[in-house]
Amino acid sequence: MIPAPCDLGNSTESLKNSIINHVRFTLGAYVESASQNDWWVATCLAIRDRVMDHATKSRTIHRQSGVRRVHYLSLEYLMGRLLENNLRNSGLYDVTKQALSEMGKDLDELLESEPDMGLGNGGLGRLAACFMDSLSTVNLPAIGYGIHYEFGLFRQEFINGRQVEHPDAWMRDGSPWKIARPSYRQSIQLYGRVVQKFDDYGRPHYEWVETKQLLGLPWDIPIVGYDSHTVNVLRLWQAQADEDFNFQVFNEGSYVEALRDKAIAETVSKVLYPNDSTENGKELRLVQQYFFVACSLADIVRRFKVGYTLPWSEFPSKAAIQLNDTHPAVAIPELMRILVDLEGLEWEEAWDICQKTFSYTNHTLLPEALEMWSVSLFERVLPRHLQIIYEINQRFLEQDVEGKWPGDNEKKRSLSLIEERGGRYVRMANLSVLGSHATNGVAALHTRLLCERLFADFYALYPDRFLNLTNGITFRRWLDVCNPELSALITEAIGKDWKKDAALLRNLDPYADDPAFRARYAQIKRGHKAKLAEVIQAECGVTVSPDALFDVQIKRLHEYKRQHLNLLNIVTMYREILDNPDADFHPRVFIFGAKAAPGYFLAKNIIHAINAVAAKVNNDPRVGDKLKVVFLPNYRVSLAEKIIPAADLSEQISTAGKEASGTGNMKLALNGSLTIGTLDGANVEIEEEVGSENIFIFGLTVEEVTALKAKGYNPWDYYWANKKLRDTIDWISSDYFTGNAEEFLPLRRSLLDHGDPYLCLADYQPYVDAQAKVDAAYKDKDHWMKMAILNTARVGKFSSDRTILEYAEKVWHLPQVVVND
Ligand code: 26V
């Protein structure tokens, strides 16, 4: 007899029991001598036990109700730590803290011992993680698919101010959050060749033969929403060699060789590519993309087949598939292959199903980040998929393009899925637009530029397929978890419903004028600054005062994000302090966090330059407390959670038209830091929300950038016209900071000889002026706090719940399905 399932209970006693049982029976440790890690694992497992039932229940309800589900395909998920988020979202935080404390354990210490799950590079990966949180919170049926990388984004260390990379073995000791699902293992094919075969009626079809097989083992991570019983899963594929993939060699006695091939197969899910702008034609990257796409689609098709006995035309009514950038775009020819080659559908019907199923989000306008695969590489790895792409292309050019612009070869060249100049390449962005019913940008400005520039011809052909869905962030992690003090203050003022309905934060608006509220808000900010000062002391060995203005730039290191423009201002300020020791400006701490792609030479030079300037400034007795510069090593989600609540000023200074959206800008504004920024990405909408009196906007607009470049931009003009700028650049590229005048020549050359592609010099003076306004504004602490509170109150729009509900309504057409307890 199978006993009825029993509830584990959420009392302190039941949690204590669960944790102790895991220490004893799962980990085989004595409670008296269990390690810190044992306690952490046992606590995670106790929480996991309490959410798994909801995961199973959510799956069952989604299946039984037969609703459409969204499948989010992303090469990256930057999840960070999971325990605290799961505790807060499930409402088990207080009781767990109590349970542990009754056993002599400090929850906060355990939380700190969790390694980050860093399976992403930056904005795109973190967005996917925020979306997973929102999907569960707003009760949408969803599955996230990705790769179970053994090594996440590298760990960064500075040696003599230079970035050094180390592997990130985030799950060397396993992870209590992931559950293997061997019964859903998939087998996929690669390489090989295509043969044409004929059936009994003489009709041709294609077979992909002599392929290599690869297995995908799925690992599921439950995604706990806030105050909801929907627990969706993130399903990550690990590559494995086919058991008997090399049976022959094995039997011939070449045991070691056979196992070497096995190791090669398993490299497919070894490591996340650490670039986020270029990766020229790396075969392993294409194999990664296809591997995870093929496993995921096979999983989706399996579910369609077991769940229903429906015709294929109903597939889109059961499955929406979202492509997170072009990285999973090979899903389009893969679904065509499944439908046409394996299921025997006619091409037109299959194509109709594809377009109804897929939708695509573009995350960048940078030309070098637009994915293109050389036709010869693509043909070797995925010969049948290349044929399918050719066929899609031919029909498209002959029907749609020829129909709209008869005889216009220039249009055909621009819209083709194949780039023909300078070698032949498959254009993944064009494939993604064509294979989807919806293409979206991630902020209003970005979407406008997609329609006007990058996809102008596609937009002319299919205007209804394009839409804007401005990015968002989860307010649970980025306020409730990382800033529980502010979260509690807000809840005390306006109630707790803002955690699910961020628009309610507007109710805080009047509190900006309440002196008592301001004082408490200021006190919370100061508390976080004091804590961050300790982190800075420990990590950088620099003493900073919590009374200084904390000026923060945290994001990937990229020329377009212009950390070097920030540096130019810092060096200018340094000069001014030396020239003018009695000038009255408020002490400032410039705080950086950023990883550079290991092969991005100039980005690494910029990191080195910031560190070199920091070393001088921080040790110059003439400067004292007035100016400090710190570069916190190994920027990652868990470090962001410590920096963001402590920030006063948020640097969002990309060249207009280059940052698709930005999401750090939203996190910082939410936590009451004022933005100094250009009219780029979501900054434009942040200004609309918070009001132009509560933000420091400067610099060229997109139109001005275009006009300046058209007329011929010459950085030397700015260099010669502005003595302060000239002195600043010359000083950085002298031997003053490192003893070696050659050290920062690459930086100097990029700004001058190589034409300053991101217009730092053009925006230098407006930036310096805006920084002077910041200094003046900070002197009126009370008014600054008012502005900070208004930022918190007015950024409700940027909740990822809002973004996800817009996707659900406008793109996926998904119903919300409430899962009861
Ligand atoms: C590109 C590549 C190129 C090849 C190798 C690996 C790799 C990995 C990632 C990427 C994607 C870069 C695009 C990206 O991260 N875009 C960011 O997306 C954020 C979320 O929409 C947005 O807020 C940022 O502005 C945007 O830069």
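Only a predicted model underlies this, so the values are computations on that prediction, with no experimental measurement involved.

A.B. asks: Lay out the overall build of the protein in plain terms, naming residues and giving numbers.
C.D. replies: A tally of regular secondary structure across the protein gives 33 helices and 25 strands. Scaling as 2.2 N^0.38, a compact globule of 821 residues should have a C-alpha radius of gyration of about 28 Å, and the protein matches this with 27 Å. Each principal axis of the C-alpha atoms in the protein carries an extent, and together these give about 95 × 75 × 60 Å. Taken over 821 residues, the protein has a buried fraction of 60%. Of the contacts formed within the protein by residues at least 6 apart in sequence, a portion of 77% connects residues at least 24 apart. Total accessible area on the protein is roughly 31,500 Å²; 50% of this is exposed by carbon and sulfur atoms. With 92 positive and 110 negative side-chain charges, the protein shows a spacing of 0 Å between the two charge centroids.

A.B. asks: I'd like to hear about the side chain of asparagine 605, residue by residue, with values.
C.D. replies: Structurally, the position occupied by asparagine 605 is in helix α23 (residues 601–618). With relative accessibility at 7%, the residue asparagine 605 sits in the buried group. Asparagine 605 has contacts with Glu743, Phe744, Pro746 and Leu747, leaving out every residue within four places of it along the chain.

A.B. asks: Run through the site of the ligand, naming residues and quoting values.
C.D. replies: Around the ligand, a shell composed of 21 residues is seen, among which Asn275, His363, Asn471, Glu659 and Gly662 lie nearest. Take serine 661: an N or O atom from its main chain is 3.0 Å from an oxygen atom of the ligand. Glycine 662 has a polar backbone atom sitting 2.8 Å from an oxygen atom of the ligand. Here the shell around the ligand takes 3 residues from helix α6 (residues 123–137), the largest share from any one element. In the shell around the ligand, the residues fall into 5 nonpolar, 11 polar and 5 charged.

A.B. asks: Describe in detail the UniProt feature "modified residue: N6-(pyridoxal phosphate)lysine" (unreviewed entry) in the protein, supporting the description with residues and values.
C.D. replies: Sequence positions flagged by UniProt for "modified residue: N6-(pyridoxal phosphate)lysine" (unreviewed entry) are, in local numbering, Lys667. In this structure, lysine 667 sits in helix α25 (residues 664–670). Using a relative accessible area of 7% as the deciding quantity, one classes lysine 667 as buried. Ignoring anything within four residues of it in the chain, the contact list for lysine 667 reads Arg126, Ile473, Trp478 and Ile644.

A.B. asks: Go over the state of the cysteines, please, and point to the residues and values.
C.D. replies: Under the counting rule described, the total for this entry stands at 0 disulfides. Not engaged in a disulfide, the cysteine cysteine 354 finds its nearest cysteine sulfur in cysteine 295; these two sulfurs lie 18 Å apart. Among the residues examined, cysteine 354 registers a relative accessible area of 0% and is labelled buried.

A.B. asks: Give a description of the sheet that holds strand β23 (residues 649–652) that names residues and reports values.
C.D. replies: Pairing within the open sheet is parallel, and its 6 strands lie in the order β22-β21-β20-β23-β24-β25. On the outer flanks of this sheet lie β22 (627–631) and β25 (696–697), each paired with one strand and no other. Taken together, the 2 bridges between strand β20 (residues 549–554) and β23 define a ladder with parallel strand orientation. Bridging from a neighbouring strand, valine 552 pairs with serine 650 of β23. Its contacts with the sheet place helix α22 (residues 563–579) against β20, β21 (588–593), β22 and β23, and it is angled at close to 155 degrees to β21.

A.B. asks: Describe the nonpolar core, with residues and values.
C.D. replies: Residues Phe378, Ile591, Trp784 and Trp812 are the most contacted members of the largest nonpolar core, which totals 265 residues. In terms of residues, this core owes the most to one element, helix α9 (residues 283–307), which gives 12 residues. Dropping the residues within four chain positions of it, tryptophan 784 is found in contact with Asp648, Leu649, Leu674, Phe696, Val774, Ala777 and Tyr778.

A.B. asks: Lay out a nonpolar patch on the surface in plain terms, naming residues and giving numbers.
C.D. replies: Together, Tyr255, Val256 and Leu259 line one region of the surface with nonpolar side chains, adding up to about 300 Å² of accessible area. Inspection of the secondary structure puts valine 256 in helix α8 (residues 255–266).

A.B. asks: Pulling in residues and values, what's your account of empty space enclosed by the protein?
C.D. replies: For the structure shown, the criterion picks out 6 cavities of 30 Å³ or more. One number sums up the size of the largest cavity: a volume of about 120 Å³. Lining the largest cavity are 14 residues, with Met79, Leu82, Asn85, Ile223 and Arg477 sitting closest to its centre. Secondary-structure elements contributing two or more residues to the lining of the largest cavity are α3 (83–90), α6 and β11 (212–224).

A.B. asks: I'd like a description of the pattern of salt bridges, backed by residues and values.
C.D. replies: Summed over all chains, the structure comprises 63 salt bridges. A salt bridge links aspartate 775 to lysine 779, with the nearest nitrogen and oxygen atoms 2.9 Å apart. With aspartate 775 and lysine 779 both in helix α31 (residues 760–779), this residue pair falls 4 residues apart, about one helical turn. For lysine 779, a relative accessible area of 39% translates into the label partly exposed. Here the residues in one salt-bridge network are Arg181, Asp220, Arg235, Asp299, Arg302 and Arg303, joined through shared partners.

A.B. asks: Describe in detail the environment of leucine 602, supporting the description with residues and values.
C.D. replies: In this structure, leucine 602 sits in helix α23. Taking the C-alpha atoms as reference points, leucine 602 and phenylalanine 744, 142 residues apart in sequence, are found 9.4 Å from one another. Setting aside anything within four residues of it in sequence, one finds leucine 602 in contact with Glu559, Pro746, Leu747 and Ser750.

A.B. asks: Outline unusual backbone geometry, listing residues and values.
C.D. replies: Unlike most non-glycine residues, arginine 562 shows phi in positive territory, near 60 degrees. Residue position: arginine 562 is located in the loop between β20 and α22. One non-glycine residue, aspartate 756, lies in positive phi territory at about 45 degrees. Along the chain, aspartate 756 falls in the loop between α30 (745–751) and α31. The buried category is assigned to aspartate 756, whose relative accessible area is 2%.

A.B. asks: Talk me through the side chain of aspartate 220; I want residue IDs and the actual numbers.
C.D. replies: By the element assignment, aspartate 220 lies in strand β11. A residue is classified by how much of its surface remains accessible, and aspartate 220, at 2% relative accessible area, is buried. At 3.0 Å, the side chain of aspartate 220 and the side chain of arginine 181 are in polar contact.

Conventions and cut-offs
Residues numbered from 1 in each chain as written. Predicted model: local features only at pLDDT ≥ 70, side-chain atom pairs only at ≥ 80, totals over all residues. Heavy atoms only, no water. Helix = DSSP H or I, 4+ residues; strand = E, 2+ residues; numbered from the N terminus. Rg over C-alpha atoms; globule rule 2.2 N^0.38 Å. Buried < 20%, exposed > 50% of the residue type's maximum accessible area, 1.4 Å probe, protein only. Contact = heavy atoms within 4.5 Å. Areas by Shrake-Rupley, 256 points an atom, 1.4 Å probe, with all protein chains shown as cover. Lys, Arg positive; Asp, Glu negative; His and termini not counted. Charge placed at Lys NZ, Arg CZ, Asp CG, Glu CD. Near = heavy atom within 4 Å. Polar contact = N/O pair within 3.5 Å; in protein donor to acceptor, adjacent residues only side chain to side chain. Nonpolar A, V, L, I, M, F, W, Y, C, P; charged D, E, K, R; others polar. UniProt positions renumbered as here; feature names shortened; annotations may be inferred. Disulfide = S-S within 2.5 Å. Pairing = 2+ DSSP bridges. Axes fitted to C-alpha atoms, helices over the stretch in contact; angles between N-to-C directions. Core = buried A, V, L, I, M, F, W, Y, C linked by side-chain atoms within 4.5 Å. Patch = residues over 30% accessible without salt bridge, like charges linked within 9 Å, V, L, I, M, F, W, Y side chains within 5 Å. Salt bridge = Lys/Arg side-chain N within 4 Å of Asp/Glu carboxyl O. 1 Å grid on protein atoms, 1.4 Å probe; cavity = no way out; pocket = protein on both sides within 12 Å on 5 of 7 lines; lining within 4 Å. Points joined across faces, edges and corners; volume = space filled by probe spheres on them.

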